[in-house]
Amino acid sequence: MAFAGRRDVPEPPDFGILKRLARDQLIYLLEQLPGKKDLFIEADLMSPLDRIANVSILKQHEVDKLYKVESRPAISASDQFCFLVRPRIKTMRYIADIVNADKMSGRSRKYKIIFSPQKFYACEMVLEEEGVFGDVTCDEWSFYLLPLDEDIISMELPEFFRDYFLEGDHRWINSIARALQLLNSLYGPFGKAYGIGRCAKMSYELWRDLEEESEADGQGRKPEIGNVFFMDRVALIADTDYVTALCSQVVYEGLVDDTFRIKCGSVDFGPDVTSSDKSIKVLLNAQDKVFSQIRNEHFSSVFGFLSQKSRNLQAQYDRRRGMDIKQMKNFVSQELKGLKQEHRLLSLHIGACESIMKKKTKQDFQEMIKAEHSLLEGFDIRESTSFIEEHIDRQVSPIESLRLMCLLSITENGLIPKDYRSLKTQYLQSYGPEHLLTFHNLKRIGLLTEQSAGETLTAVESKVSKLVTDRAAGKITDAFNSLARKSNFRAISKKLGLIPRVDGEYDLKMPRDMAYVFSGAYVPLSCKIIEQVLERRGWLGLEEVVRLLNGNEFSVSDSAVEDNPAWESQRVILAVFLGGCTFSEIAALRFLGKERGCKFIFLTTAITNSARMMEAMIEAKA
């Protein structure tokens, strides 16, 4: 896809219709239970529901009281209970307990369960085992897609990562295929599909099967999205692109997510940001004029931009001084409200920056970034290991310590047995033996592994270490380790040029490539692969990279879809991230889109970052 030199980025499709479809279907399902009813909502559906249908809409359709699942109402006079839930066995038991308690007390009610995005057979089996299957009616709310912004659509399935990649549970693949079917019917037909990874291939094939079954005719319709690219968070990841998710984020949106947790496109700024005793919930999207200009910027550039913005805003306020009555009237009616809103947002983002700076200064952020860059480049591994040990011993954060250990493991293709045992022992002593299961999970998924290759060298290594000083022994150990194995990460990095070679300082204000999202130290592998495949219009010439990533690549053109290069849709690319997508990857592909004159739309199972990934692996919540 050669669009070098193009700068006119096409407009994204209007994804508002996805919200309207979800809202209309939910209203229809609620009306299937006529009369007043109490609605029980699962905790992780509350934020997505708020973006689709607020409380007033629910009240209009005879929802009387709202409860969170897990908090049983003490007394409820309602004759009808409606449960809006994820298809989870634990939740089915919760519902069964309520129904059985009512039966025991002789209370008669109607019960309706609405599963989102779909119901699973296992849930019906549990209801049957508990003896309540005949007392409830079940429905599906096909709420697969939540538009978070003009170019980001989330399935809000954070559990997908653990369920599929750790537990080997394929149940969500059907949801992904149905989500793609919906997008294809509204914004397709998609002309070309590329992808890599087992999960990506399964999702693509099931989607195509659904398309054939439905026999939807997209011929003659002008598509709004021309290309779709499937990214499998773990095939990329044969050993490797966990790296992108594990690195500290340094673009503004990524740092806000790491520090405050962006949830469903909004963030709660506490008193430390608002400079008051109240917390404020802020929607972060392209409608926020201040945020939209700094979201993809490296954090080092953000303060300068905000101070300049502040001066410009003050200059616009100062214009009032020389105005006559008519001009003042126009100013108040047309500009003042917008200026006040911009001023409020500017204050919040300045407060957020100051809060981030305070927290990162406490956490030795610069030292941590330096250690990460050393790991990425393969230099000073012994010093980086010492930094991680110190981090564990000081009990800075169990999540951060795990993240650094995983980054060391992946970049070095596993830890040498001596280091693995030492770090594991120190971690368990610092944070508790209950984390033994966490280490088991990390090993199973390939995030924190112990090398088997190179064990034959340990005898020679130990003899040499007796003859030299400790420091020299450390360097010799590193040398032996690099001889003993060939790291997939190093090989892929070299093949794709993921570690830029820069003479002098990397210019973060005027970046020249996607590496700026990690301070010029690393180009996200997922983004680099997308760039290379789109440039080549396929996988030709990338055979060695595909081999290192364990294959399962595909490139398919739909012969039924007219390939008209004049169509804007040919420059709109749907990037599907299975297992989660970080704001760093989003910023990198937005940068690539501007450079190449194309528009990336992001469809992800959930927004992720290093902390969420580690939490998904932890058994005993730290």
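No experiment lies behind these values; they were computed from the predicted model shown.

Scoring rules and cut-offs
Residues numbered from 1 in each chain as written. Predicted model: local features only at pLDDT ≥ 70, side-chain atom pairs only at ≥ 80, totals over all residues. Heavy atoms only, no water. Helix = DSSP H or I, 4+ residues; strand = E, 2+ residues; numbered from the N terminus. Buried < 20%, exposed > 50% of the residue type's maximum accessible area, 1.4 Å probe, protein only. Contact = heavy atoms within 4.5 Å. Areas by Shrake-Rupley, 256 points an atom, 1.4 Å probe, with all protein chains shown as cover. Salt bridge = Lys/Arg side-chain N within 4 Å of Asp/Glu carboxyl O. Patch = residues over 30% accessible without salt bridge, like charges linked within 9 Å, V, L, I, M, F, W, Y side chains within 5 Å. Lys, Arg positive; Asp, Glu negative; His and termini not counted. Charge placed at Lys NZ, Arg CZ, Asp CG, Glu CD. Axes fitted to C-alpha atoms, helices over the stretch in contact; angles between N-to-C directions. Parallel < 35°, antiparallel > 145°, perpendicular 65-115°, else oblique. Left-handed = near helix turned anticlockwise from the far one by under 90°. Nonpolar A, V, L, I, M, F, W, Y, C, P; charged D, E, K, R; others polar. Pairing = 2+ DSSP bridges. pLDDT = per-residue confidence, 0-100.

Counting secondary structure elements, the protein contains 26 helices and 14 strands. Residue burial in the protein is summarised as follows: out of 622 residues, 55% are buried. Sequence separation of 24 or more characterises 78% of the internal contacts of the protein that already satisfy a separation of 6 or more. Accessible surface, the protein as shown: approximately 28100 Å² in total, 50% of it carbon and sulfur.

The next point concerns the pattern of salt bridges. One pass over the structure, following the stated rule, counts 34 salt bridges. Measuring nitrogen to oxygen at the nearest pair gives 2.7 Å for the salt bridge that ties arginine 107 to aspartate 79. Highlighted residues: arginine 107 in the loop between α4 (89-105) and β4 (110-115) and aspartate 79 in the loop between β2 (63-68) and β3 (80-85), separated in sequence by 28 residues. Taking the relative accessible area as the measure of exposure, arginine 107 reaches 29% and is therefore partly exposed. One salt bridge connects arginine 171 with aspartate 169, and the closest N-O pair in it is separated by 3.0 Å.

Our next topic: a negative patch on the surface. A cluster of acidic side chains, namely Glu205, Asp209, Glu212 and Glu213, defines a negative patch on the protein surface. Take aspartate 209: it is sitting in helix α8 (residues 198-214). Judged by relative accessible area, which is 38%, aspartate 209 ranks as partly exposed.

Looking at the secondary structure, you find aspartate 419 in helix α18 (residues 417-431). Each residue touching aspartate 419, except ones within four places of it in the same chain, is listed here: Arg382 and Thr385.

Running from amino to carboxyl end, helix α16 (residues 381-393) crosses helix α17 (residues 398-411) at an angle of 160°, the nearest separation of the two axes being 9 Å. Between α16 and α17, the interaxial angle falls into the category roughly antiparallel. Helix-helix and strand crossings are classified by hand; for α16 and α17 the assignment is left-handed. Residues Ile381, Thr385, Phe387, Ile388, His391 and Ile392 of α16 touch α17, and the partners they reach there are Glu400, Ser401, Leu404, Met405 and Leu408. Residues of the contact of α16 with α17, tallied by class, amount to 7 nonpolar, 3 polar and 1 charged.

One open sheet holds the 5 strands; their spatial order is β2-β1-β3-β4-β5, and the pairing between them is parallel. Across the chains shown, the open sheet's two edge strands, defined by having one partner strand only, are β2 and β5 (136-140). Ignoring which end each strand starts from, the neighbouring axes of this sheet average 20° apart.

Keep in mind that most residues, glycine aside, have a negative phi and that most peptide bonds are trans. Following serine 116, the chain continues into proline 117 via a peptide bond in cis, with omega recorded as 0°. Here proline 117 is to be found in the loop between β4 and α5 (121-129). Although it is not a glycine, aspartate 380 sits at a positive phi angle of roughly 50°. Note that aspartate 380 resides in the loop between α15 (365-377) and α16. Positive phi, close to 60°, is recorded for asparagine 413, a residue that is not glycine.

Once that is clear, we can look at the environment of serine 279. Along the chain, serine 279 falls in the loop between α11 (271-274) and β11 (280-283). Among the residues examined, serine 279 registers a relative accessible area of 52% and is labelled exposed. For serine 279 and phenylalanine 269, which are 10 residues apart along the polypeptide, the C-alpha to C-alpha distance reads 5.5 Å. The residues touching serine 279, leaving out its near neighbours within four places in the chain, are Phe269, Gly270 and Pro271.

Here leucine 21 is to be found in helix α1 (residues 16-31). Discounting chain neighbours no more than four positions away, the residues touching leucine 21 are Leu182 and Leu186.

Here we come to the confidence of the model for the protein. Summing up the model confidence of the protein, the mean pLDDT is 86 and the portion of residues at 70 or higher is 84%. Across the protein, strand β7 (residues 152-154) holds the top mean pLDDT of 97, while helix α20 (residues 458-467) sits lowest at 46. Scored below 50 in pLDDT, residues 234-240 shows 28 contacts in the model against residues more than four places distant or in partner chains.

With respect to the secondary-structure elements, threonine 604 resides in strand β14 (residues 599-604). Note on threonine 604: relative accessible area 1%, which makes it buried. Taking the C-alpha atoms as reference points, threonine 604 and leucine 157, 447 residues apart in sequence, are found 8.8 Å from one another. Residue contacts for threonine 604: discarding those within four places in its chain leaves Ile153, Ser154, Met155, Phe577, Gly580 and Cys581.

Right, let's get into helix α10 (residues 252-260). The buried fraction of α10 is high, at 8 of 9 residues. Of all the residues in α10, the buried ones are Tyr252, Glu253, Gly254, Leu255, Val256, Asp257, Thr259 and Phe260. Where α10 ends, the next residue or the one after it, arginine 261, has phi of about 70°, a positive value.

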